[in-house]
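A structural walkthrough
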Amino acid sequence: AGGFALLEKREIVPNMHFFKIRAPQVAKFALPGQFVILMAKETSERSPFTLVDWDASEGWISLVIEEVGRSSRELASLKAGDCIAHVSGPLGLPLPIENKGTVLLGGGCYGIGAIFPLARALRQAGNRVICAIEASSSYLLYRQEELRTVCDELLLATKDGSEGVQGGVQELLAQAVAREPINQFIAIGCTFMMRMVTEISRSLNIPTLVALNPIMVDGTGMCGACRVSVGEKTQFACVDGPIFDGHSVDWDELASRRSAYARQEVQALSQSVD
Ligand code: FES
């Protein structure tokens with residue numbers, strides 16, 4: 001059978017779903033840091049999701065999908081064996097994989113899944129890789145076992161202190177820096193977390209990359225929905241990103257464009273793209 005069959009689907013922690021999808025063409029060309037745009041049905045909104053893993057020879061990709069709005073709820077209602085109407089990708093520029101020395105990857109929310117392929121590729125390139133993941137409580141942490149296979153050290157933080165350090169990625173970064181030099185920091189998670197950790201890494205003088213998650217519609221640089229300002233330049237996250245220098249991102253603009261107004265604007269755009 002053709003199509004984008006859902007090979008595996010489970011709720012890994014509340015509201016966070018692991019999807020394994022048959023998508024041979026995406027798997028064949030995927031590189032670390034890239035994403036796909038999914039449409040659960042022909043009439044669904046387009047939603048971007050970072051690739052968590054893939055296998056070109058078996059022809060599948062995997063994603064972690066957080067249930068936050070209508071389109072992710074639609075996806076979450078699918079069951080293994082169902083088909084997804086559209087999977088476009090791989091999209092975006094991959095992370096340049098170089099040996100930087102020691103790299104710390106910070107992940108929160110869906111970012112815990114999204115840092116996996118970056119960690120794997122950076123470690124293969126000879127870096128010492130530290131993964132630092134955060135959640136509100138221990139039962140919301142996931143994929144620790146998978147992450148341990150691709151990093152030298154896994155650090156955990158919870159807001160309530162139920163596992164690891166009390167706090168988040170920012171505390172883990174500060175602790176790591178007190179112990180050893182960090183040559184590159186990469187953060188993936190909600191905008192609030194990325195903004196906060198970026199401020200800390202700036203004060204510590206650590207080169208920082210973030211994977212931005214603005215609203216996206218076409219994913220091809222045509223619609224303008226994912227416009228962000230980075231170092232005074234207008235960039236489209238879908239084609240110029242999603243990975244950018246965290247210290248140059250205009251976080252205020254990003255936060256305001258993710259507001260309810262932007263969502264309505266994008267729904268209208270979405271209809272005109274169809
Ligand atoms: Fe990037 Fe449309 S989603 S320009």
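If you check helix α7 (residues 191-203), its first and last C-alpha atoms are 19 Å apart, about what 13 residues at 1.5 Å a residue would give, namely 18 Å. Listed as buried for α7 are M193, M194, V197, T198 and S201. For α7, the angular spread of the buried residues around the axis is 125 degrees, confining them to a single face. In this structure, α7 carries F192, R202 and S203 as exposed residues pointing more than 90 degrees from its buried face. If you follow the buried residues of α7, they end up packed against β8 (102-108), α6 (169-179), β12 (184-188) and β13 (208-211). Once α7 finishes, N205 follows within two positions and takes phi at roughly 60 degrees, a positive value.

Take unusual backbone geometry next. Of the consecutive residues G89 and P90, the connecting peptide bond is found in the cis state with omega at 0 degrees. Assignment of secondary structure puts P90 in strand β7 (residues 86-91). Not every positive phi belongs to a glycine, and C109 is a case in point at roughly 50 degrees. Tracing the sequence through the fold places C109 in the loop between β8 and α3 (111-114).

Here the protein chain is described as being made up of domain 1 (4-91) and domain 2 (102-257). Looking at the side of domain 1 that touches domain 2, the elements that each hand over two or more residues are β1 (4-13), β3 (35-39), β4 (47-55), β5 (60-66) and β7. Sort the elements by how many residues they give to the side of domain 1 that touches domain 2 and β4 lands first, with five residues.

By size, the foremost hydrophobic cluster in this structure holds 84 residues, and its most contacted members are V36, I61, L105, A119, C131 and A132. The dominant element in this core, judged by the number of residues it contributes, is strand β9 (residues 128-135), at six residues. No fewer than three residues from each of domain 1 (4-91) and domain 2 (102-257) sit in this core. Not counting residues within four places of it along the chain, the set of residues in contact with V36 comprises V26, F49, L51, I61, V87, S88, G89, P90 and L91.

Thresholds, definitions, all that
- Residues numbered from 1 in each chain as written.
- Predicted model: local features only at pLDDT ≥ 70, side-chain atom pairs only at ≥ 80, totals over all residues.
- Helix = DSSP H or I, 4+ residues; strand = E, 2+ residues; numbered from the N terminus.
- Expected span 1.5 Å × (residues − 1).
- Buried ≥ 20, exposed ≤ 12 C-beta atoms within 10 Å, placed from the backbone.
- Arc of directions from axis to C-beta.
- Contact = placed C-beta atoms within 7 Å.
- Domains from an automatic or database assignment.
- Core = buried A, V, L, I, M, F, W, Y, C linked by C-beta atoms within 7 Å.

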